[in-house]
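Take a look at the letters that make up each chain.
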Amino acid sequence: MKILVTGGTGYIGSHTTLALLEAGFEVVVLDNLCNSSDAALHAVEAICGKSALMIHGDVCDRPLLDRIFQQHSIDAVLHFAGLKAVGESVRKPLEYYESNVCGSITLCQAMAAAGVFRLVFSSSATVYGAPEQMPIREDFPTGTPTNPYGQSKLIIENVLRDLCAAEPKWSIALLRYFNPIGAHASGHMGEDPSGIPNNLVPYISQVAVGSLHELSIFGDDYPTVDGTGVRDYIHVVDLADGHLKALQSISTRSGINVWNLGTGDGYSVLQVVRAFEQASGRSVPYRVMPRRSGDVAECWADSSKAQKELGWKATRSLQEMMTDTWRWQSNHPRGYQG
Ligand code: NAD
Ligand code: UDP
């Protein structure tokens, strides 16, 4: 089977490309490299001895998409491509809606024209907003995202829902990721954020490696175990496996299916800092700062639906996530550049 992976040189896309190649799929990657480099695919090849075909281009480029579908017999699409920085989305809403929403619509139009109706979409737990109850189940109502990034994910989910309602040939998985972290166990693939990281674990690992001075902890007065925010961190390799299971599952289903991809466990910022210090043997200096606007106190998944319906469960512990992050960061202090 041949799979088109949009955003396949990015953090989650590259780990999933590796998992696909290892499972025997052929992979065509489409990426405009706005937040990644094709070095990630060189690492994939070095690890598994197989390569994906890389096409440098934009998911909003309909003629290019048409050519890809004409030249390759694509069976399904894993759609990771998009912009993902929450703060930047507030400053550049049009870029976010264009890349994320228009990109997804253009992709679906090209897929329909080519007769390809299987799609796995990268959604996010952000679509739940701030639920009153934990853990979060897929049947909880979606909330009101507080930024254009979150809005774009919710809009795309709704577009895909309407598409499935209108045309029964579609089979679409909406995968709502919780907090993907970690790196491939080889130490040669991982997250390589450009500029100063926004997310907790890349920030901590850059403090530990000496590239950043200290961590700011955004709030210690939440109603949580130690006052800091609680999240469901999931190893990126477990997440990649979840995509393969979803891909398998949508080939025997139709319509829209929503699955949470999380571990079901929540950890506080301070628990993550301690786990990272233990894994790296380095200390992570921090300072408590005011809460970050838009943050929820806690967020973790009920992942039993994915377990029941996909036969998928995250297996890697927080300690493993930290160890693998540190292996990647210490081997490659400047990410794929060195
Ligand atoms: P990433 O930035 O590493 O990967 C996204 C890739 O898409 C990049 O390689 C980028 O160059 C490419 N891209 C962006 N816009 C494009 C366009 N218009 N055309 C072609 N390529 C384009 O991000 P990631 O962490 O791997 O995330 C992958 C997907 O998962 C994204 O859709 C993101 O919103 C979603 N997601 C990520 C997280 C997370 O915490 N990492 C959480 C929930 C959902
Ligand atoms: N966080 C923090 N300092 C940072 C980045 C994040 O204290 O530099 C906290 C944030 O407030 C949240 C948790 O870490 O409680 C996870 O944040 P992240 O941005 O990684 O993911 P989010 O859940 O916001 O998507």
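Each chain has its residues counted from 1, running along the sequence as written. To read the labels, note that chains go from A and ligands from 1, taken in the order they are written. Note on the predicted model: pLDDT of at least 70 is required for a residue's local features to be given, and 80 or more for side-chain atom pairs to be given and counted; whole-chain, interface and lining totals, by contrast, use all residues. Computation of side-chain values covers all heavy atoms of the structure but excludes hydrogens and water.

Identification of the chain as UDP-glucose 4-epimerase from Pseudomonas arsenicoxydans is taken from an unreviewed UniProt entry. UniProt positions are given in the numbering used here, feature names are shortened, and annotations may be inferred rather than shown by experiment. Annotation of the chain in UniProt includes, under Catalytic activity (unreviewed entry), the sentence "UDP-alpha-D-glucose = UDP-alpha-D-galactose". A UniProt comment under Sequence similarities (unreviewed entry) is attached to the chain, and it reads "Belongs to the NAD(P)-dependent epimerase/dehydratase family."

Turning to the layout of surface pockets, a few remarks are in order. Its boundaries defined by the atoms lining it, the second largest pocket holds a volume of some 150 Å³. Using a 1 Å grid laid over the protein atoms alone, points where a 1.4 Å probe fits but cannot get out form a cavity; open sets with protein on both sides within 12 Å along at least 5 of 7 lines form a pocket; any residue with an atom within 4 Å of a point counts as lining. Lining the second largest pocket are 13 residues, and of these D192, Q206, P333, R334 and G335 sit closest to its centre. Residue composition of the lining of the second largest pocket, by class: three nonpolar, seven polar and three charged. Grid points are joined across faces, edges and corners, and a volume is the space filled by probe spheres set on the points. Side-chain classes follow a simple rule in which Ala, Val, Leu, Ile, Met, Phe, Trp, Tyr, Cys and Pro form the nonpolar group, Asp, Glu, Lys and Arg form the charged group, and the remainder, Gly included, forms the polar group.

What follows is about the site of ligand 1. By convention in these notes, a residue is near a molecule or strand provided one of its non-hydrogen atoms lies within 4 Å of it. Close contacts around ligand 1 come from 26 residues, with I12, D31, N35, S36 and Y149 the closest. Side-chain atoms alone can form a polar contact between residues adjacent in sequence; in general such a contact is a pair of N or O atoms within 3.5 Å, and within protein one must be able to donate a hydrogen while the other accepts it. The contact in question runs from an oxygen atom of ligand 1 to an N or O atom on the backbone of C34, over 3.1 Å. Between ligand 1 and the protein, one listed contact pairs a nitrogen atom with a side-chain N or O atom of D58 at 3.1 Å. Using a 1.4 Å probe, accessible areas were evaluated by the Shrake-Rupley method; residue-level cover was limited to the displayed protein chains. Protein chains shield 95% of the accessible area of ligand 1, which is 820 Å² for the free molecule.

Note on conventions: DSSP H or I runs of at least 4 residues are helices, E runs of at least 2 residues are strands, and numbering of each starts at the N terminus. Multiply 1.5 Å by the residue count of a helix minus one, and that product is the helix's expected span. In a regular helix each residue adds 1.5 Å, so twelve residues correspond to 16 Å; helix α1 (residues 11-22) covers 17 Å between its end C-alpha atoms and thus fits that length. Relative accessible area decides the class of each residue, using a 1.4 Å probe on protein chains only: under 20% of the type maximum gives buried, over 50% gives exposed, and in between gives partly exposed. Taking burial as the measure, the twelve residues of α1 include eleven buried ones, the bulk of the element. The complete set of buried residues in α1 reads Y11, I12, G13, S14, H15, T16, T17, L18, A19, L20 and L21. In the segment just after α1, G24 is the residue with positive phi, at about 95°.

Among the structural elements, P131 can be located in the loop between β5 (118-124) and α6 (148-166). Separated by 140 residues in the primary sequence, P131 and Q271 place their C-alpha atoms 22 Å from one another. Whether two residues are in contact is decided by their heavy atoms: any pair within 4.5 Å suffices. Apart from residues lying up to four places away in sequence, P131 is in contact with I136 and F140.

The subject of this paragraph is the site of ligand 2. Neighbouring ligand 2 are 14 residues; L200, S216, R231, R292 and D295 lie closest to it. With respect to ligand 2, the backbone of L200 contributes an N or O atom lying 2.8 Å from an oxygen atom. The separation between an oxygen atom of ligand 2 and a polar main-chain atom of F218 is 2.9 Å. The protein chains hide 86% of the 510 Å² of surface that ligand 2 would expose on its own. When residues in the shell around ligand 2 are grouped by element, the largest group, four residues, is from strand β8 (residues 215-218).

The next thing to look at is empty space enclosed by the protein. Within this structure, the stated rule accounts for one cavity of 30 Å³ or more. What lines the largest cavity is a set of 13 residues, among which E191, P202, S205, T325 and W328 lie closest to the centre. Residue assignment for the lining of the largest cavity shows that the elements contributing at least two residues are α7 (200-208) and α11 (318-331). Ranked by residue count, the leading element in the lining of the largest cavity is α7, at four residues. Its residues assigned to classes, the lining of the largest cavity comprises seven nonpolar, five polar and one charged.

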